[in-house]
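Now for the letters of each chain:
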Protein chains: 2
Amino acid sequence: MESSKTPSEMSRRQFLGTVGKLGGGAAVFSVMGTLGLLSPETLKAADYEPPDKNELSMSGRGGKKIVILGAGIAGMTAAYELGQAGFDCTILEARARSGGRIWSVRRGTTVAEIGGAKQVARFSDGMYLNAGPMRIPQFHVTMEYIRKFGIPIEPFNNVNDHAYYYNENVGELSGKKVRKREAKADVRGYVSELMAKAVNQNALDMPLTADEKEKLVAYLRSEGGLDADLFYKGSSRGGYKDEPGARLDAGVIRDPFSMKAILNSGFGNYLSSEYSYDQQMMMFHPVGGIDAIPMAFEKRLKGKIRFHSEVSEIKQSEKGVAVTYRNLATGEYQNVEGDYCICTIPLPVLKKIKADFSPDMKNAIESVGYASAGKIGLQFKRRFWEEDEQIYGGNTLTNMDISSIYYPPTGYMQKKGLLLGYYAFGGNADKLGGMTFQEREAHALNQGAKIHPQYHKEFEASFSVDWKKIKYNEGGWVGYSGDQRKTVYPTLCKPDRRVYLAGEHISYVTAWMAGGIESARAVVTDISQRVMKE
Amino acid sequence: MESSKTPSEMSRRQFLGTVGKLGGGAAVFSVMGTLGLLSPETLKAADYEPPDKNELSMSGRGGKKIVILGAGIAGMTAAYELGQAGFDCTILEARARSGGRIWSVRRGTTVAEIGGAKQVARFSDGMYLNAGPMRIPQFHVTMEYIRKFGIPIEPFNNVNDHAYYYNENVGELSGKKVRKREAKADVRGYVSELMAKAVNQNALDMPLTADEKEKLVAYLRSEGGLDADLFYKGSSRGGYKDEPGARLDAGVIRDPFSMKAILNSGFGNYLSSEYSYDQQMMMFHPVGGIDAIPMAFEKRLKGKIRFHSEVSEIKQSEKGVAVTYRNLATGEYQNVEGDYCICTIPLPVLKKIKADFSPDMKNAIESVGYASAGKIGLQFKRRFWEEDEQIYGGNTLTNMDISSIYYPPTGYMQKKGLLLGYYAFGGNADKLGGMTFQEREAHALNQGAKIHPQYHKEFEASFSVDWKKIKYNEGGWVGYSGDQRKTVYPTLCKPDRRVYLAGEHISYVTAWMAGGIESARAVVTDISQRVMKE
């Protein structure tokens with residue numbers, strides 16, 4: 001079986017657990033393997049084997065106390081899975097809500113960014129901004145919990161050829177909003193034409209037979225929408241300047257942009273944004289807000305989460321871990337002790353918390369940077385993108401600061417709508433994050449209005465988030481630089497005596513909920529195995 | 001304005017109607033035009049101006065009787081729009097239901113194909129097969145009625161990179177199911193590599209500056225996922241053989257297929273199926289079955305549809321049209337008269353109905369062929385494509401007879417599921433259509449099981465449709481051959497005295513509901529203008 005696990009890691013017990021989870025006994029599993037149904041994703045999904053509650057309790061090792069820091073998806077996954085196995089978990093959460101970065105901003109949501117003024121969401125009821133994660137690839141482990149908890153989902157429209165590309169300072173097509181289908185048809189058309197002709201003229205040095213060259217040309221004709229003579233002269237793929245209709249209205253295909261214009265536009269470089277592994281269709285999201293996921297966990301963790309509990313110190317002894325936290329409601333400092341601790345606090349926050357970690361661990365925690373990321377939700381009176389422009393979900397990409405506009409993948413044809421006025425990273429996120437929230441709103445409206453002139457007339461309310469300035473997060477997601485995956489990262493992956501780190505930062509699925517879940521499951525397995533060896 | 005309409009066709013009154021429909025008076029319209037919001041789709045959507053009820057009634061021309069043949073989307077659109085303008089419409093419909101090809105097969109649906117045995121759908125409650133149309137491009141006029149009637153919609157997953165390509169007799173990759181992302185990554189990778197190197201070596205004769213060549217290479221690197229030296233060595237876009245996970249589990253990217261293998265596989269030719277204008281994302285469909293659309297029309301046409309009414313003769317006089325029909329419930333022949341008649345009966349059926357059409361019209365009706373198309377719905381006990389293979393909607397394409405498998409774009413994570421076991425055209429449809437429905441089921445299961453070995457174990461029930469053999473349709477959609485669009489088609493587009501044809505066949509949006517709607521609106525406009533001139 002294809003797996004990075006060593007044989008000793010994939011024990012017989014794990015194997016049988018896997019079989020059980022696949023739902024039909026060893027025979028089915030064996031058949032599945034034979035028939036090639038054990039894809040990397042299936043194997044990954046079956047990778048985790050929950051601890052055996054009976055084994056733990058019968059050996060007198062049940063009920064161990066685990067203190068979990070942070071009620072984000074990693075902390076709650078750990079608490080949920082450990083709870084199933086009979087562990088006694090307590091989660092400390094500084095906020096009044098669970099979810100961490102999994103956060104749906106709704107009417108009344110209030111936040112003051114670090115160094116910023118207080119912002120209150122004045123969205124209409126039912127409108128929400130998924131300020132953090134907003135989409136789930138269909139093959140992520142996150143879908144397992146959605147299935148288990150019965151969370152209603154709907155597609156997240158990550159691809160929409162009716163949305164736009166809009167770039168400035170790119171020559172002829174500067175400041176022109178172009179439907180994605182136009183750019184895609186032209187780029188693929190011209191490049192396929194060039195290539196097909198070169199192949200036909202044997203201008204390329206290729207180890208192909210004549211028959212294979214013919215196949216290559218056939219592919220290029222199909223890929224580019226070329227005519228019989230291998231010319232790209234535009235095609236209906238790029239749309240029409242007069243739509244076809246009834247009777248004699250055959251429609252008139254748009255005139256393609258020139259090869260030079262489309263090449264200089266930079267639009268071609270946007271195409272591959274749809275190709276990356278975890279951005280490919282189909283993607284999904286919970287109906288009504290991404291916070292349905294933490295809410296479903298929270299419901300199953302009744303009484304285990306202490307909210308308003310801001311961790312101030314982590315202290316280990318031979319026999320356990322003691323965590324001091326400030327009760328933000330009363331201002332009092334309190335303590336909680338456990339046999340083990342799972343710390344899911346993002347590293348920029350953790351590094352400021354007093355802890356008796358080893359020097360290596362301290363150094364590792366301090367050295368890792370986090371990504372800049374920012375979003376603004378803009379509520380409009382009217383879904384003009386649907387009504388006027390027939391865009392239902394998907395995104396528009398631009399080289400302006402706002403980087404992208406995401407149209408709501410939900411509530412189609414409702415009266416009002418809330419779109420992402422920007423979802424920016426890196427330098428753009430820093431620039432926008434450096435503004436007051438009023439300035440961000442104005443900037444998002446002004447730049448967005450170049451694409452959607454309806455913006456100013458229809459605008460109602462905004463709410464923006466700069467993740468670098470959000471207390472208890474201070475960053476969008478981890479960003480290991482240079483060779484940090486080889487130097488400091490392995491230290492973060494190992495327990496520091498009785499403290500285990502978990503979160504998207506302890507995974508290779510960074511920035512995704514799945515990373516948090518996978519890392520939590522790894523810790524659950526480790527702790528339960530360690531307890532059995534005690 | 002870009003339009004194929006001549007100035008006289010786009011009158012001032014039409015223009016103002018257009019303004020009104022765009023919702024904000026002439027000023028808004030003017031602003032929209034200036035700002036470039038009048039896209040071809042917007043203009044097309046605004047193309048239709050409903051007849052003016054007041055104008056008709058005040059001039060004593062209201063209440064004209066219109067006999068409409070067929071309660072499909074064209075007939076019902078005509079009746080709805082004419083009804084709004086005060087016309088007195090009667091629809092004759094041979095079936096017990098409205099919708100025509102817009103047909104959701106559910107538990108208990110019964111049909112005997114022409115020359116075939118009776119088939120009864122034994123699907124579970126809530127399961128359905130959209131036997132005809134199943135998806136709607138976001139920019140089609142169909143969306144206007146969905147909006148107007150408040151029909152709940154959800155995305156139709158037309159693109160899914162986690163589904164498969166599967167071909168036989170194509171060399172090395174024969175009989176191997178390959179995730180679409182694998183084929184896409186490899187095809188784009190190798191072709192981009194070849195092209196990038198050729199550009200770099202100036203092997204291509206291109207009218208580009210050095211700077212533009214650099215941009216072209218940058219695009220190819222991005223498009224193909226090439227490394228710094230412009231080699232394609234596989235990439236995460238194609239997926240992993242070991243998925244990345246927690247801690248040190250960085251994942252192992254799959255090994256790409258060889259260029260020869262992927263070229264010979266024919267998979268590359270499947271890519272462009274996602275590019276065609278009316279297949280591009282996003283697409284939508286009504287929640288709960290496509291028949292929500294005809295049901296919404298029917299609800300607004302209470303008492304106007306005579307079901308079980310099979311047209312047997314169309315006869316015109318100087319002053320009107322008389323239609324004879326057989327009441328299939330009683331067996332009696334009955335008559336209905338009107339000032340005008342709109343005939344939406346598909347041509348293969350119409351040509352067998354006695355009618356005093358002109359010789360030209362008769363010849364036109366008789367000469368046009370229709371497309372072969374067939375579908376089978378397969379209900380399974382378990383959504384193994386989701387549970388085992390993480391495929392949520394989208395389709396798998398194959399060169400076997402079954403052509404494609406469409407996974408349900410609805411009801412995700414429910415227990416049972418109904419997929420399209422085939423959606424075949426042309427020769428494949430004829431081959432499958434030539435079988436008994438038991439043979440079709442066996443064939444769909446046997447071929448499908450090569451891709452999904454779970455088929456046989458999980459199968460519960462099927463229902464298949466060969467549109468060539470469906471009474472009152474006798475074909476999937478119109479297929480004008482050779483120069484028929486220039487020879488016979490214009491005759492079909494003109495009224496034959498007092499009879500107007502409508503339907504997808506009287507449009508350039510054939511095979512789509514939008515074609516039926518557009519053609520019906522054209523007739524509505526014509527009849528109301530003709531009545532005003534009487």
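Residues numbered from 1 in each chain as written. Chains lettered and ligands numbered in written order. Predicted model: local features only at pLDDT ≥ 70, side-chain atom pairs only at ≥ 80, totals over all residues. Heavy atoms only, no water.

In the numbering used here, UniProt assigns the feature "domain: Amine oxidase" (unreviewed entry) to residues 73-527 of chain A. Helix makes up 31% of residues 73-527 of chain A and strand 23%, whereas the separation of the span's terminal C-alpha atoms amounts to 18 Å. (UniProt positions renumbered as here; feature names shortened; annotations may be inferred. Helix = DSSP H or I, 4+ residues; strand = E, 2+ residues; numbered from the N terminus.)

With that settled, the discussion passes to the sheet that holds strand 18 (residues 340-343) of chain A. Neighbouring strands of a sheet are bound in pairs by backbone hydrogen bonds; such pairs are parallel or else antiparallel. Residue and element names in this part refer to chain A. Read across the sheet, five strands follow the order 14-2-1-18-27 without closing on themselves; strand pairing throughout is parallel. Sheet topology places strand 14 (305-306) and strand 27 (499-501) at the edges, where each strand pairs with a single neighbour. Relative to strand 2 (residues 88-92), strand 1 (residues 65-69) is paired through five bridges, and the arrangement is parallel. Paired with I66 across the two strands is C89, which belongs to strand 2. (Pairing = 2+ DSSP bridges.)

A few words now on the pattern of salt bridges. It is possible for side chains of opposite charge to pair when their charged atoms get near one another. The full count for this structure, using the stated rule, is 62 salt bridges over all chains. E193(A) is the salt-bridge partner of K197(A), the closest N and O atoms lying 3.0 Å from each other. In this pair, K197(A) and E193(A) are both assigned in helix 7 (residues 180-200), four residues apart and thus about one turn of the helix distant. Here E113(B) makes a salt bridge to R440(B), at a shortest N to O gap of 2.6 Å. In this pair, E113(B) sits in the loop between strand 4 (110-112) and strand 5 (118-120) while R440(B) sits in helix 15 (residues 437-451), placing the two residues 327 residues apart along the sequence. R440(B) carries the same exposure label as E113(B), and that label is buried. If you follow the salt bridges from partner to partner, you end up with R382(A), E387(A), D388(A), K457(A) and E458(A) in one network. (Salt bridge = Lys/Arg side-chain N within 4 Å of Asp/Glu carboxyl O. Buried < 20%, exposed > 50% of the residue type's maximum accessible area, 1.4 Å probe, protein only.)

A separate point is the pairing of strand 2 (residues 88-92) of chain B. All names here are of chain B. Here strand 2 lies mainly inside the structure; four of its five residues are buried. Note on the crossover from strand 1 (residues 65-69) through helix 5 (residues 73-84) to strand 2: the handedness is right-handed. Relative to strand 14 (residues 305-306), strand 2 runs parallel, the two sharing two bridges. Residue pairing for strand 14: L92 is matched across the bridge by R306. (Right-handed = clockwise from strand over helix to strand, strands pointing away.)

As enumerated under the stated definition, the model contains 60 aromatic pairs over all chains in all. A centroid spacing of 6.4 Å and a plane angle of 35 degrees characterise the contact between W385(A) and Y407(A), whose relative ring orientation is tilted. Of the two residues, W385(A) is situated in helix 14 (residues 384-387) and Y407(A) in the loop between strand 23 (404-406) and strand 24 (417-425); the sequence distance between them amounts to 22 residues. Both residues of the pair, W385(A) and Y407(A), count as buried. Centroid distance F384(B) to W385(B): 4.9 Å. Interplanar angle 80 degrees. Geometry classified as edge-to-face. Comparing F384(B) with W385(B), the two get one shared label, buried. Members of the aromatic cluster, each reached through a chain of ring pairs, are F380(A), F384(A), W385(A), Y407(A), Y455(A) and F459(A). (Phe/Tyr/Trp six-rings, centres within 6.5 Å; stacked < 30°, edge-to-face > 60°.)

Interfaces are frequently sized by the accessible area removed from exposure as the parts join. Opposite the 102 residues of chain A that make contact, chain B presents 102 residues. Where chain A packs against chain B, one counts 36 residue pairs in polar contact (both at pLDDT 80 or more). No other element matches the nine residues that helix 8 (residues 210-224) of chain A contributes to the side of chain A that touches chain B. Here the residues of the side of chain A that touches chain B are counted per class, giving 51 nonpolar, 24 polar and 27 charged. (Contact = heavy atoms within 4.5 Å. Polar contact = N/O pair within 3.5 Å; in protein donor to acceptor, adjacent residues only side chain to side chain. Nonpolar A, V, L, I, M, F, W, Y, C, P; charged D, E, K, R; others polar.)

Residue and element names in this part refer to chain B. Looking only at helix 14 (residues 426-433), the buried set comprises A429, L432 and G433. For helix 14, the buried positions fall inside an angular range of 100 degrees around the axis, keeping them on one side. Next to the buried residues of helix 14 lie strand 21 (373-380), strand 24 (417-425), helix 15 and strand 25 (459-466). (Arc of directions from axis to C-beta.)

Moving on: the sheet that holds strand 8 (residues 153-156) of chain B. Residue and element names in this part refer to chain B. Sheet architecture is open: three strands sit in the order 7-13-8, paired in antiparallel fashion. Looking at strand neighbours, the two that pair on one side only are strand 7 (136-137) and strand 8, the edges of this open sheet. For strand 7 and strand 13 (residues 283-286), the ladder comprises two bridges, and the chain directions are antiparallel. What sits directly across from P137, in strand 13, is M283.

Superposition of chain A onto chain B requires a rotation of 180 degrees combined with a translation of 0.0 Å along the rotation axis, giving an RMSD of 0.0 Å. Overall, the copies show the geometry of a two-fold rotation axis. Looking at chain A, 100% of its interface residues are interface residues in chain B too, so the copies touch through the same face. (Least-squares fit on C-alpha atoms with pLDDT ≥ 70 in both.)

Residue and element names in this part refer to chain A. Mean pLDDT over chain A: 93, with 93% of residues reaching 70 or higher. For the stretch residues 1-20, pLDDT sits under 50, and the model shows 30 contacts to residues farther than four places along the chain or on other chains. Confidence drops under a pLDDT of 50 for residues 22-28, and excluding neighbours within four residues, the segment shows seven contacts in the predicted structure. For this predicted complex, the interface confidence score (ipTM) comes to 0.94, while the overall pTM stands at 0.94. (pLDDT = per-residue confidence, 0-100.)

One pass over the structure, following the stated rule, counts six cavities of 30 Å³ or more. Computed from the structure, the largest cavity encloses a volume of approximately 270 Å³. Along the walls of the largest cavity sit 19 residues, with E274(A), Y275(A), K184(B), R188(B) and E274(B) positioned nearest its centre. Secondary-structure elements contributing two or more residues to the lining of the largest cavity are helix 7 of chain A together with helix 7 (180-200) of chain B. Looking at the lining of the largest cavity, the element that brings in the most residues is helix 7 of chain B, giving four residues. (1 Å grid on protein atoms, 1.4 Å probe; cavity = no way out; pocket = protein on both sides within 12 Å on 5 of 7 lines; lining within 4 Å. Points joined across faces, edges and corners; volume = space filled by probe spheres on them.)

Moving on, we come to helix 6 (residues 142-149) of chain B. Residue and element names in this part refer to chain B. Turning to helix 6, its buried residues number three or more, namely T142, M143, Y145, I146 and F149. Take helix 6 and look down its axis: the buried residues cluster within an arc of 160 degrees, on one side only. Contacts from the buried residues of helix 6 go to helix 5, strand 7, strand 8, strand 13, helix 10 (292-299) and helix 18 (513-533). Positive phi appears at G150, one or two residues downstream of helix 6, with a value of about 65 degrees.

This brings us to the state of the cysteines. One pass over the structure, following the stated rule, counts zero disulfides over all chains. There is no disulfide at C341(A), and the cysteine sulfur nearest it, in C343(A), is 5.8 Å away. (Disulfide = S-S within 2.5 Å.)

All names here are of chain A. Here strand 15 (residues 309-316) lies mainly inside the structure; six of its eight residues are buried. Relative to strand 16 (residues 321-327), strand 15 runs antiparallel, the two sharing seven bridges. Its bridge partner being in strand 16, V311 is matched across the sheet by Y325. Here strand 15 folds back onto strand 16 in antiparallel fashion, the turn holding four residues. Bridge analysis of strand 15 against strand 19 (residues 354-355) gives two bridges, and the strand direction is parallel. Bridge assignment links E313 to a residue of strand 19, and that residue is K354.

Residue and element names in this part refer to chain B. With respect to the helices, strands and loops of the structure, P409 is situated in the loop between strand 23 (404-407) and strand 24. Judged by relative accessible area, which is 12%, P409 ranks as buried. When the C-alpha atoms of P409 and L419 are compared, they prove to be 9.1 Å apart, with ten residues separating the residues in sequence. In contact with P409, other than residues within four places in its own chain, are E154, P155, F156, N157 and H285.

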